[in-house]
Amino acid sequence: MTLRVAIMTDAVGWHTRRLQAALRRRGAAGRCVDLADCRFDSGAAAHGLVIPGFGMSLPDAVIVRGIAGGSFEQVTRRLGLLHALRELGVPVYNDARAIERSVDKSMTSQLLHVAGLPTPPSWALESAALAQRLLVREAAAGHGLVLKPLFGSQGKGLQRVGLVDDGSFSPLPPLIPDYGAVACLQRYVAPQTRPGFDWRVLVIGGHAVAAMRRVSDHWVHNVAQGARAIRAELTPELASLATRAAAALELDYAGVDVIPGPEGPLILEVNGVAAWQGLQRVSDIDIAQALVDDLLERRLAQRAVQPRLA
């Protein structure tokens, strides 16, 4: 029987087409499904779920390519569907637990810290007064900070606060509405070269498989914000840092952002729903195929032997 894989996404495009082609090459079928269109329905089947395009049955596996934003209730329900699929024995790549760890920047920083990985000091707090005092304390020690949306991506919403390059002090902006009343702060790491850069390292199935430098005259190095993607050597040090970061968050695949620091590379963030279009342009491997191969050869092999509910 042909394996049927649900590609969970709110935006069909380049990434989903690449995944579908990679699945076809392995004799499997990939169907794009928006989690917003899935539902819990205890009257529909014994498993209590309805996944459009799969009738009364469940997919053989799920690849999470994107989860649309929404209200707290909507996002909770969508993640709940992924949790339910995992509990029913369907391999979910990455599963909801791993996505929750990576999408919450405060949890990511805490897990990296506990794992003993080099990462800039970070804070997440709801008191604007305490956050402002933190800015002053860090400035007195000669450090600036970066304010981030707790759930942000692609470099959106990043803002330097506290001590900035010209020696002036930039106070904390209002945390509502753009930052959800949470001050998620990370110590600013100044560029070690001109122009500055960071590395994006892709980890698949516990192995670092590709890397690029994201070069920009601006301090934000996301390709979505105009940085240039340049092929980078995947050194043993970069590979080790990235694979350890992915393991700390228990991710099947991850885009790990690493920046040169004055005493060595530092892990900035870990992305559990990583885009790879820029990385593909400077890499020899077929990234979508590598993802699909890992799903089929490793995750499906690990699937529990007990039958799923029909």
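Residues numbered from 1 in each chain as written. Predicted model: local features only at pLDDT ≥ 70, side-chain atom pairs only at ≥ 80, totals over all residues. Heavy atoms only, no water.

Undergrad: I keep staring at the environment of Gly 27 and nothing clicks. Help me out?
TA: Tracing the backbone shows Gly 27 in the loop between helix H1 (14–25) and strand S2 (29–33). Spatially, the C-alpha atom of Gly 27 lies 6.6 Å from that of Thr 2, the residues being 25 residues apart in sequence. Filtering out sequence-adjacent residues up to four positions away, Gly 27 remains in contact with Thr 2 and Leu 3. (Helix = DSSP H or I, 4+ residues; strand = E, 2+ residues; numbered from the N terminus. Contact = heavy atoms within 4.5 Å.)

Undergrad: Teacher, can you tell me more about the pairing of strand S11 (residues 183–187) here?
TA: Within a regular strand, side chains alternate between the sheet's two faces. Among the 5 residues in S11, 4 count as buried, and that is most of the element. With 4 bridges joining them, strand S7 (residues 122–125) and S11 adopt antiparallel strand pairing. Each residue of the ladder has a partner; that of Ala 124, found in S11, is Cys 184. As judged from the 4 bridges shared by strand S8 (residues 144–148) and S11, these two strands associate in the antiparallel manner. Within S11, the residue paired with Leu 145 across the bridge is Arg 187. (Buried < 20%, exposed > 50% of the residue type's maximum accessible area, 1.4 Å probe, protein only. Pairing = 2+ DSSP bridges.)

Undergrad: Teacher, can you tell me more about the pattern of salt bridges here?
TA: One side chain can pair with another of opposite charge once the charged atoms of both are near each other. All chains considered together, the criterion is met by 18 salt bridges. We note a salt bridge from Arg 26 to Asp 293, for which the minimum N-O separation is 2.9 Å. In this pair, Arg 26 is assigned in the loop between H1 and S2 and Asp 293 in helix H8 (residues 287–299), connecting sequence segments 267 residues apart. According to the relative accessible area criterion, Arg 26 is partly exposed, its value standing at 36%. Measuring nitrogen to oxygen at the nearest pair gives 3.6 Å for the salt bridge that ties Arg 39 to Asp 41. What makes Arg 39 partly exposed here is its relative accessible area of 41%. Beyond isolated ion pairs, a larger network of salt bridges with shared partners links Asp 198, Arg 200, Arg 214 and Asp 257. (Salt bridge = Lys/Arg side-chain N within 4 Å of Asp/Glu carboxyl O.)

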